[in-house]
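# Notes for the structure review
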Amino acid sequence: MSRSPGESVEDFNGGRLAVARRRRGFTKASLATAVGVDSRSISNYERGMSPRADVLERLAERLAFPAAFFYGSSIEEISSKAASFRSLARMTTSQREDALSQGALRIHLDKWLCSRFNMPKPAVPDLRFESPEAAATIVRAEWGLGDKPIGNLTHLLESKGIRVYSLEVSGNEVDAFSMWSGDAAFVMLNVQKTAEHSRFDAAHELAHLVLHRQGAPVGKEAESEANRFASSFLMPESDVLANTMRNPGIRALVTWKARWRVSLAALNYRLHQLGMSTDHHYKSLCIQISAMGRSREPEPAPREQSLRLNKIFLMLAEDGVTRAQVADELCISVAELDSMLFKLTLTGINGGRKAKSCSPPSHHGLAVVS
């Protein structure tokens, strides 16, 4: 149904406008300027007042969300206290709000998927009273990993019921974050980082899920604990001691890091932590690694993808459901959907039935996906 420019839109959801605004990096004032209204109007819209149809059209255009996105039930918003950020002090308010709004959209997608597929419950122990090193050992034991290197960490987390999604955040300030939403555990990874960096980030966020579930992980102490857990979890002491030697050169580090799929810096730190290098040698290697640059790794590891999302979207494709349809039912663009899915490129996902305009969700066969 068409509306005249001055007609108000019924059932407008102001919370969805707030999510979209933060996702695109607008303040209320800058968005107001962009759409030709005053900032008080944006505040009123986010409190639930319906904008005129012509204003809604401009909001949709500027925010790059379909107009229908602003209808529907509320999307679960994430507070900064509920999410663990590795570099909160270095993040701008805009970057933090963008990341949190992306997290909200991923929970929005996850709820849609959970209405169609049975997801495993997270097998994440609560080890808040353990040291980071002891917690890493306990998790490895409970998950049957022994002391050997972990192949694909993203697949491992997903097999234990943790929902892993990709973030699309520019800049180096946002690495990743994790959170609990009810009984569901989430890890959000910035895939703009190197594969090794993202892998360490995933282990770091697992630490927050294991060690800090009962309270907001804040401060340098919590971040230090998560780094110690990640280092021990990815590079068990016995395996490192058995496969390295004291005071190695940079070439040895490049060779060894492939075993654990970690960065040069992470391996150098772990060797020093385990007494395999002197303070002087460790600092000398730090200088060499810094001179090489942190944005690229020599002999890089393969980038990890989501197996769970791969399986889900292949099953949807087999049922004739396209990515465009999924995006349409969520009332987001395909590009926005792709940013959540590690840029999956799967044969058959783009084909199938034509999407309808933000149609009510259809029900597909349930399956256990892990």
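Basis of the calculations
Residues numbered from 1 in each chain as written. Predicted model: local features only at pLDDT ≥ 70, side-chain atom pairs only at ≥ 80, totals over all residues. Heavy atoms only, no water. Salt bridge = Lys/Arg side-chain N within 4 Å of Asp/Glu carboxyl O. Helix = DSSP H or I, 4+ residues; strand = E, 2+ residues; numbered from the N terminus. Buried < 20%, exposed > 50% of the residue type's maximum accessible area, 1.4 Å probe, protein only. Phe/Tyr/Trp six-rings, centres within 6.5 Å; stacked < 30°, edge-to-face > 60°. Axes fitted to C-alpha atoms, helices over the stretch in contact; angles between N-to-C directions. Parallel < 35°, antiparallel > 145°, perpendicular 65-115°, else oblique. Contact = heavy atoms within 4.5 Å. Nonpolar A, V, L, I, M, F, W, Y, C, P; charged D, E, K, R; others polar. Polar contact = N/O pair within 3.5 Å; in protein donor to acceptor, adjacent residues only side chain to side chain.

The next subject is the pattern of salt bridges. Evaluated as defined, the whole model comprises 20 salt bridges. A salt bridge links Asp175 to Lys193, with the nearest nitrogen and oxygen atoms 3.3 Å apart. Taken together, the residues Asp175 in the loop between β2 (163–167) and β3 (176–181) and Lys193 in the loop between β4 (184–190) and α8 (195–211) connect sequence positions 18 residues apart. Here the two residues Asp175 and Lys193 agree in accessibility, since each one is buried.

All right, on to the packing of aromatic side chains then. Following the criterion strictly, the structure yields six aromatic pairs and no others. Measuring from ring centre to ring centre gives 6.2 Å for Trp143 and Phe233, while their planes differ by 85°; the resulting arrangement is edge-to-face. Separated by 90 residues along the polypeptide, Trp143 in the loop between α6 (132–142) and α7 (153–159) and Phe233 in helix α9 (residues 219–234) bring together distant segments of the chain. The residues Trp143 and Phe233 share a single accessibility class, namely buried. Relative to Phe233, the ring of Phe229 has its centre 5.5 Å away and its plane inclined at 15°; by these criteria the two rings are stacked. Within this pair, Phe229 and its partner Phe233 are both found in helix α9, separated by four residues, close to a single helical turn.

Think of two packed helices as two axes; the pair is described by the angle between the axes and how far apart they sit. Remark: α9 packs on helix α12 (residues 264–273), axes separated minimally by 11 Å, with the N-to-C direction vectors making an angle of 90°. Judged by the inter-axis angle, α9 sits roughly perpendicular to α12. In contact with Arg228, Ser231 and Ser232 of α9, α12 contributes Tyr269, Arg270 and Gln273. Taken together, the residues of the contact of α9 with α12 sort by class into one nonpolar, three polar and two charged.

Let us look at the side chain of Ser198. Tracing the sequence through the fold places Ser198 in helix α8. A polar contact is formed between the side chain of Ser198 and the backbone oxygen of Asn190, at a distance of 3.4 Å. Residue contacts for Ser198: discarding those within four places in its chain leaves Leu189, Asn190, Val191, Lys193 and Arg303.

On to the side chain of Asp338. Among the secondary structure elements, Asp338 is positioned in helix α16 (residues 334–338). Accessibility expressed as a relative area gives 15% for Asp338, which makes it buried. Here Asp338 is in contact with Arg323 and Lys343, once residues within four sequence places are set aside.

So far we have only geometry, and geometry alone does not tell us how the molecule works.
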